[in-house]
Number of protein chains: 6
Amino acid sequence: MNDIVTLGESMVVFDPSSTGPLRHVSEFKKHMAGAESNVAIGLARLGHRAGWLSRVGDDEFGRYITGTLKSEGIDVSRVIADAGASTGVMFKERRNNRLMNVYYYRSNSAASRLCSEDVDKEWIRASRMLHVTGITPALSDSCHAAVCQAIRYAREAGVPVSFDLNLRLKLWDADKACETLLALIPECTYFLPGYSEGRLLTGIASIEDMARYFHRMGPEAVVIKDGKKGAYLYDRDGGRWIEACRVEEVADPIGAGDAFAAGFLSGVLKGQSHAEAVMLGNVLGSYAVTIKGDWEGLPDLTELECLYPVEDTVR
Amino acid sequence: MNDIVTLGESMVVFDPSSTGPLRHVSEFKKHMAGAESNVAIGLARLGHRAGWLSRVGDDEFGRYITGTLKSEGIDVSRVIADAGASTGVMFKERRNNRLMNVYYYRSNSAASRLCSEDVDKEWIRASRMLHVTGITPALSDSCHAAVCQAIRYAREAGVPVSFDLNLRLKLWDADKACETLLALIPECTYFLPGYSEGRLLTGIASIEDMARYFHRMGPEAVVIKDGKKGAYLYDRDGGRWIEACRVEEVADPIGAGDAFAAGFLSGVLKGQSHAEAVMLGNVLGSYAVTIKGDWEGLPDLTELECLYPVEDTVR
Amino acid sequence: MNDIVTLGESMVVFDPSSTGPLRHVSEFKKHMAGAESNVAIGLARLGHRAGWLSRVGDDEFGRYITGTLKSEGIDVSRVIADAGASTGVMFKERRNNRLMNVYYYRSNSAASRLCSEDVDKEWIRASRMLHVTGITPALSDSCHAAVCQAIRYAREAGVPVSFDLNLRLKLWDADKACETLLALIPECTYFLPGYSEGRLLTGIASIEDMARYFHRMGPEAVVIKDGKKGAYLYDRDGGRWIEACRVEEVADPIGAGDAFAAGFLSGVLKGQSHAEAVMLGNVLGSYAVTIKGDWEGLPDLTELECLYPVEDTVR
Amino acid sequence: MNDIVTLGESMVVFDPSSTGPLRHVSEFKKHMAGAESNVAIGLARLGHRAGWLSRVGDDEFGRYITGTLKSEGIDVSRVIADAGASTGVMFKERRNNRLMNVYYYRSNSAASRLCSEDVDKEWIRASRMLHVTGITPALSDSCHAAVCQAIRYAREAGVPVSFDLNLRLKLWDADKACETLLALIPECTYFLPGYSEGRLLTGIASIEDMARYFHRMGPEAVVIKDGKKGAYLYDRDGGRWIEACRVEEVADPIGAGDAFAAGFLSGVLKGQSHAEAVMLGNVLGSYAVTIKGDWEGLPDLTELECLYPVEDTVR
Amino acid sequence: MNDIVTLGESMVVFDPSSTGPLRHVSEFKKHMAGAESNVAIGLARLGHRAGWLSRVGDDEFGRYITGTLKSEGIDVSRVIADAGASTGVMFKERRNNRLMNVYYYRSNSAASRLCSEDVDKEWIRASRMLHVTGITPALSDSCHAAVCQAIRYAREAGVPVSFDLNLRLKLWDADKACETLLALIPECTYFLPGYSEGRLLTGIASIEDMARYFHRMGPEAVVIKDGKKGAYLYDRDGGRWIEACRVEEVADPIGAGDAFAAGFLSGVLKGQSHAEAVMLGNVLGSYAVTIKGDWEGLPDLTELECLYPVEDTVR
Amino acid sequence: MNDIVTLGESMVVFDPSSTGPLRHVSEFKKHMAGAESNVAIGLARLGHRAGWLSRVGDDEFGRYITGTLKSEGIDVSRVIADAGASTGVMFKERRNNRLMNVYYYRSNSAASRLCSEDVDKEWIRASRMLHVTGITPALSDSCHAAVCQAIRYAREAGVPVSFDLNLRLKLWDADKACETLLALIPECTYFLPGYSEGRLLTGIASIEDMARYFHRMGPEAVVIKDGKKGAYLYDRDGGRWIEACRVEEVADPIGAGDAFAAGFLSGVLKGQSHAEAVMLGNVLGSYAVTIKGDWEGLPDLTELECLYPVEDTVR
């Protein structure tokens, strides 16, 4: 039995050895990338049992993804090696320390063929939490259906659902994205949008109004992440800010949202209050931006103790 | 005006820094690969003006391919940067020094969208030779049409056509491949199959019979490459073997056929006899297997003089 | 339930990026090394469930070893992370393509603290085979005791025991080594020495005599590996040679014995005759020397089909 | 016909893989360096046709420079491969993030043999702009003569001349440098000194006085670059500051002046006012310091749109 | 005759090529590390004759350490290559730009076997200064005895003794450490603790009180280093602060204390006043944090001139 | 006092990380190269005290050469750091595994300014052997004079002179080379030409005749190296072949002649007969071709024992 299960696409990402246009880059390092698998790893490092469901190609890149997750202790027993499609890959391009481009080779990837039939009802029912993101429904209709199916199984079994918005306008049409993702909010227990994407989704500029709006749609708790300012929590006790931790030097902003989700969900799974869980999310999110790589440097329990601020930071 | 023009797909190839399954490889080097561009570079290094026509993505990988060919002096004025598709990429996997796998991400690549309209009639008519391979028709119907269009323009203008068979059964159905490629043979002036692929195409085991069979289909000269044995030439003077050069240590067999084509066509363009041209093809082919990389180490005119055997090797 | 379980030390090995004395080498690559874990991986790739038991340090190198084995599908549920000692490491030195030195930092390593109490009786009883090597008893008295305990549990439960001699005179005194290892032979079902180490152990020069001698000590089958000549099998049907496969180019001889053991034991587990199993051992052993790395390139079932010789090679 | 042509030396530069004294550095990366070729590349990326004239050795390093410029679309038809001398090389040494040394191997380089006879009159007359720097006259007397010849041809044909001061006291005697470079100012249309080198040249501390002084010598417009403060423009409309863009993090200050020149000249070539052109120079200069490498990361037209500040920054 | 001699352990350190947990790092670079050898190199670069005494393994890592010190001009004539033990090694782990772990493989290293008999009386008597640190007594009892022996020889011959506290609680018990190290203070001429470790040793929070306390124990001069604040000097003229130099960007804080010691001792050896010597210590210490590596980038005399602040910074 | 002293140029050599034309190579590794320093290192590793005299630039590359030799135990006390010239550098280019080009940047190098005044008379007189090569006289007239001066000092003091021909026609005119080098033969005690260069020098095809011819010119012993065949020794006992050792796989032929010289001279210094010394030369020469790098892998005394053939190979 897992504490949390999630589903989505993980890709092989090729990171350039030097900055500048890719035509001048001669070497690349292979890594793994995937919002949902990042969250699963983050939770596993904090001592939770986490499972990840997806399709990968029946190829070396697929075996790399599955093996990496296994080595981090993730339950990959429901991952399907699909002989009919390739594992998705992407190339990063760093123009300077702030500008980054991405080149995808993921259309028709194995993960985009994930479908409702792939979702194991019992596996979800036996978990204490389901986590989904707004990326998966963007990949294909069958992926969208798989997410809906997973949520349905979870709700039927009383398993709480966490939903990280992750609005990626590069992957699909804005109108369709908004319509699809808005429809998922009432289904989830914990809704974790970023402020900017929340504004795109709703047109609401005030974070307090936005939080109230989302909360009325159904989630038990809404947590809007707003970078250096911290996160705005809205639940039955109303709304309040939870301050972010101070970060001295940002090494890599990518993966901060996933780390936040892992921290928040760890808190929830441990029975913390929403505010305490958001604080834990802040700790992980602010640590994540000091490390390179999307997930490699996420803290384990021992490290977490060194990171956790002693002072109460709720206001 | 070019001495030779050619068309086809070039891809960005990622070469692993170590042998073994790709899941254990952490670094890759970027290179360029493409049968037709290899031939163009080989000819340019021998002092000929060569042009290459294709589509690449309007992306950094496309600019890499175009820029690399420019830096080697190839006329890329007819290359189209296609904003609607990506440049194809592939990953090599070396299990040991002899076994190699290839993972393609080229379906729906920019080059697969090459079509007859892309073929510049005047550019072909103004060239002294057209070179095509059996890879391009395998990529898509529009690619097949583009090859046919290029051949038509060439023949109308009396421009001789060179055709390197390059039967790639991974890319298409065997029956369709044979039908399509057999139909191209009567259109070409110089036909350059390998022995094994020729046998697959015709079912004829005897290299002499095969050469006669191909010659009757129309080409002025047929040259069947047979590895260490050398090449079998069949033209109006009948058939004869042209011995290969001795190679002490094979570093990388890939690119030998393209180097052979470059050498043979260079001889033809310089007005050599068919036998002399095949000898030059042998020199380049046997040199190519001693160098790493598909084309980077192809010889220029100065190096060629050191390589060329003084003795007459025709028998 | 595992098909096979094994126990021993795996270390982190640092491979120099260039040949020559280590004082001139500036870069090293991290890998994993361990005779028993090599066998476990080899068997897992051939479709068997394999388990590995050991101690590793409660440190990053220990997590690297455990994670790598997990990612290869090995059951590491009985591995102990020992906070009181470090994971062993070693450095390779390649003077030229044939001479290699090794520098160990393994004395008092976590694995050397393995003891009989660490051996899970039920885990061994539930397996179909136990595999041990002569390296483990050399590491410490408690390691020796652990090997004996494992064998005892296996024999009590009727689980066959495979014993790969692996006489390492660098690790212990020759007299003690011989005495200790000779005492293990009667306990095993399958005994897999190399010819040279067998000669050191027994003083017998004739491979036939040596095999008969070992067989009389108790094992059901004795297989003496003799490099290019192949292996000499001695069982109830007497002794006979099983020819090795031809190897065109040796890339790295290390790991051949472990690959042989994996192949042989796979055959046995699949119910093949001893001779057939030795043939499978030969196939894996000869393939292993063509790949770099101790285990990374071991074949999976798909690759094995390409490697397996069709002809009967028993004589 | 080119929009702009330039002449000067480009070298192969070897960049250390780590900081510290070169005796401890074991790896170097090969790049290309040259003030004038940087400007040509910057302009080509912004859509202009640019040509570069020089001598390189008839060696691989010369072919590297010529090929790299070809791949960036520069007209190198007038470059001479000089069999009598080597292409210049240099080694960088980075003591820490701020201190850099340079070791030149360029005396008697091929480029130092550039002479007036190498300057193609028609090629210059057919261009819309000539760009020169104060580095070239420092290399040799014949290089000085070549620069003068190029300016003479340009002026005869009414082609405007841009002159970037680039006072390099390491390369020649200060007195001779000042005398020589001062003599060039009256010949140029656009004069682009830095503030510090301008002060060295004139002894004038006030940037306003300095600009007026230079303007009286003849140039139509004088632009004095002053780092973070921006640039001071002096033309028939008098003098005024054009503010620099804000830079958050400097990655590599080298190449900023060349990028500024490329931006300014692009503006001029597009018919912008001097002030607008200086603004464009500022945009490129401030972007250049955020990227590593002298020219590899210069923006193309698409990127420029993202960089260009919308607000009017002239005051 | 040496200007200064020192003794202690130097290890081979393996530096990860990327940040993150070591289990994800695949490449390491070999370096040398050792507090006392750092000081010796720092002094040799400033023109002093320096000697270093230790044991290294009779292995390639030992030869690497000895050879590196020889190449930096250190007198290693008293170094013993010990065939009975290995040279110590350590692995660095960088979690992000601020958090670093270290994994030691140094217990029972060759250097830990250093003993009083290894200390050459005449070599020490012929030197103008002896430098020791608090690390060496932590390594073993025989190491502690060697340090005491060296100090005894020095004092007998009137050779001043410098003592850098270097309290490393990872290496030994805090009580034993404090007792042992406190006993050494009366023996030394120059005592160079850091503020934090001084506080741990004495429990005194006020730097002024602490300095007075240490001075009363016997040393001629006490210099307490306090990072960005500078150093607090206490000698017969009482106590005063010597300001640190401003550092714009810290690249690597490791090695700053050793650089300070080298600078201070160079000043003393050149006959400077204590205050001047501390200023020189500050210059080297603040420069050291701008360079990567523990010692590779330490300045030589030429560089020092560029670094030295002209203004008097004593207050 | 040294057992042997030598003089000549050592350069910093940049080795490409991949094969192919240098324009496609992006990374280079720094090494040290020099025939005479190779011999000095070879002898030092075999336990002899060796000294090397030269000029290097007063730059990091010079410090690299001097430091490297120091770390190998060579006496570099007579090396001059020349502030007026740079240390010579060279780039290797490997077209394939057999073809290599070299690009020199050594004209006017510091070493080419070596002159007779640099040669320390007492240092040479105090040595037991002087070793020179035919490279040094090719570098400049002053270098030639320095070699002559060194030989004169040696002969006056009765110090035997070893002369390795090393005819490098790339560095000077063939006629001048022959005249100059022939004039040195009568001055030397041991003359060590290769067969091919000996033939170029004398026009004599028979190795026996050539040896006799050289011997009549004055040397006590002439040893003509002839690759796989071994070496032909001619001394007062007449001429005879000394067989080479068998080499299974050549990794890098460069440095074999220097290794031979080191082995031969070691034998002579140890008082072996000429024939025994040639055998030792053969052992080192044949080992040297199995290692990469010119000198890094030369054996020390321990390794030599493993390499030395037990059987008598003189015939």
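Residues numbered from 1 in each chain as written. Chains lettered and ligands numbered in written order. Predicted model: local features only at pLDDT ≥ 70, side-chain atom pairs only at ≥ 80, totals over all residues. Heavy atoms only, no water.

Okay, the overall build of chain A next. Within chain A, the secondary structure is distributed over 11 helices and 14 strands. Counting over 315 residues, chain A shows a buried share of 63%. By sequence separation, contacts in chain A at least 24 residues apart represent 70% of the contacts at least 6 residues apart. Here chain A has roughly 11,700 Å² of accessible surface; of this, 47% comes from carbon and sulfur atoms. Across chain A, the 35 positively charged side chains and the 43 negatively charged ones have centroids separated by 2 Å. (Helix = DSSP H or I, 4+ residues; strand = E, 2+ residues; numbered from the N terminus. Buried < 20%, exposed > 50% of the residue type's maximum accessible area, 1.4 Å probe, protein only. Contact = heavy atoms within 4.5 Å. Areas by Shrake-Rupley, 256 points an atom, 1.4 Å probe, with all protein chains shown as cover. Lys, Arg positive; Asp, Glu negative; His and termini not counted. Charge placed at Lys NZ, Arg CZ, Asp CG, Glu CD.)

Another point: the relation of the copies chain C and chain A. Relative to chain A, chain C is turned by 180 degrees and slid 0.1 Å along the rotation axis, the superposed coordinates differing by an RMSD of 0.0 Å. What we have between these two chains is a two-fold relation. Among all residues of chain C, the minimum C-alpha distance to the rotation axis is found for S71 of chain C, at 2.4 Å. (Least-squares fit on C-alpha atoms with pLDDT ≥ 70 in both.)

It is worth spelling out the relation of the copies chain A and chain B at this point. Overlaying chain A with chain B gives an RMSD of 0.0 Å, the required rotation being 180 degrees about an axis along which the chain moves by 0.0 Å. Looking at the interface residues of chain A, 100% of them are also at the interface in chain B, so both copies use one shared face.

This part takes up the pairing of strand β8 (residues 100–105) of chain E. All names here are of chain E. Both strand β7 (residues 89–94) and β8 contribute to a ladder of 6 bridges, which runs antiparallel. If you follow K92 over to β8, its bridge partner there is V102. With antiparallel pairing between neighbouring strands as the criterion, β7 and β8 make up a hairpin whose turn holds 5 residues. (Pairing = 2+ DSSP bridges.)

Turning our attention to the interface of chain C and chain A. Taken together, the 5 residues of chain C in the interface contact 5 residues of chain A. Of the roughly 390 Å² buried between chain C and chain A, counting both surfaces, carbon and sulfur atoms make up 52%. Taken as a group, G67, K70 and S71 of chain C account for 74% of the area that chain C buries against chain A, more than any other trio of residues on that side. Across the chain C-chain A interface, the total number found is 0 residue pairs in polar contact (both at pLDDT 80 or more). Its residues placed into classes, the side of chain C that touches chain A shows no nonpolar, 4 polar and 1 charged. (Buried area = accessible area lost by both parts, 1.4 Å probe. Polar contact = N/O pair within 3.5 Å; in protein donor to acceptor, adjacent residues only side chain to side chain. Nonpolar A, V, L, I, M, F, W, Y, C, P; charged D, E, K, R; others polar.)

Using the criterion set out here, one finds 90 aromatic pairs over all chains in the structure. Where F14 of chain D meets F61 of chain D, the ring centres are 5.9 Å apart and the plane angle is 65 degrees; that geometry is what we call edge-to-face. Here the residue F14 of chain D occupies a position in strand β2 (residues 11–16), and F61 of chain D occupies one in helix α2 (residues 60–71), the gap between them amounting to 47 residues. Each member of the aromatic cluster is reached from another via a ring pair, and the members are F14, F28, F61, F91, Y103 and Y105 of chain A together with F14, F28, F61, F91, Y103 and Y105 of chain B. Cation over ring: K30 of chain F sits above Y64 of chain F, and NZ or CZ is 3.8 Å from the ring centre. (Phe/Tyr/Trp six-rings, centres within 6.5 Å; stacked < 30°, edge-to-face > 60°. Lys NZ or Arg CZ within 6 Å of the ring centre and 35° of its normal.)

What follows is about the side chain of T87 of chain C. Mapped onto the elements, T87 of chain C comes out in the loop between β6 (80–82) and β7 (89–94). Leave out the neighbours within four places in its chain, and T87 of chain C touches S10, V12, V56, G57, D59, F61, G62 and I65 of chain C together with Y105 of chain E.

It is worth spelling out the sheet that holds strand β2 (residues 11–16) of chain E at this point. Sheet architecture is open: 8 strands sit in the order β8(C)-β7(C)-β2(C)-β3(C)-β3(E)-β2(E)-β7(E)-β8(E), paired in mixed fashion. Pairing within the sheet leaves two strands with one partner each, and these edge strands are β8 (100–105) of chain C together with β8 of chain E. Sheet twist, expressed as the average angle between the axes of neighbouring strands with direction ignored, equals 30 degrees. With 3 bridges joining them, β2 of chain E and β7 of chain E adopt parallel strand pairing. In the sheet register, F14 of chain E faces β7 of chain E, and the bridge partner there is F91 of chain E. In the packing of helix α2 (residues 60–71) of chain E onto the sheet, contacts are made with β7 and β8 of chain C together with β2, β3 (27–33) and β7 of chain E, and the angle to β3 of chain E comes to roughly 55 degrees. (Axes fitted to C-alpha atoms, helices over the stretch in contact; angles between N-to-C directions.)

A few words now on the interface of chain A and chain B. For an interface, size is often stated in terms of accessible area lost upon the parts coming together. Taken together, the 26 residues of chain A in the interface contact 26 residues of chain B. Here chain A meets chain B over a buried area of about 2,200 Å², counting both sides, of which 57% is carbon and sulfur. The three residues of chain A that bury the most area against chain B are R23, E60 and Y105 of chain A, which together make up 32% of that side's buried surface. For the pair chain A and chain B, the interface holds 4 salt bridges. The residue E60 of chain A makes a salt bridge to R23 of chain B at a minimum N-O spacing of 3.0 Å. Here chain A is connected to chain B by 15 residue pairs in polar contact (both at pLDDT 80 or more). Only β3 (27–33), α2 (60–71), β7 (89–94) and β8 (100–105) of chain A provide two or more residues apiece to the side of chain A that touches chain B. In terms of residue class, the side of chain A that touches chain B is made up of 12 nonpolar, 5 polar and 9 charged. As defined by bridge partners, β3 of chain A adjoins strand β3 (residues 27–33) of chain B across 3 bridges and the pair is classed as antiparallel. What sits directly across from K29 of chain A, in β3 of chain B, is E27 of chain B. (Salt bridge = Lys/Arg side-chain N within 4 Å of Asp/Glu carboxyl O.)

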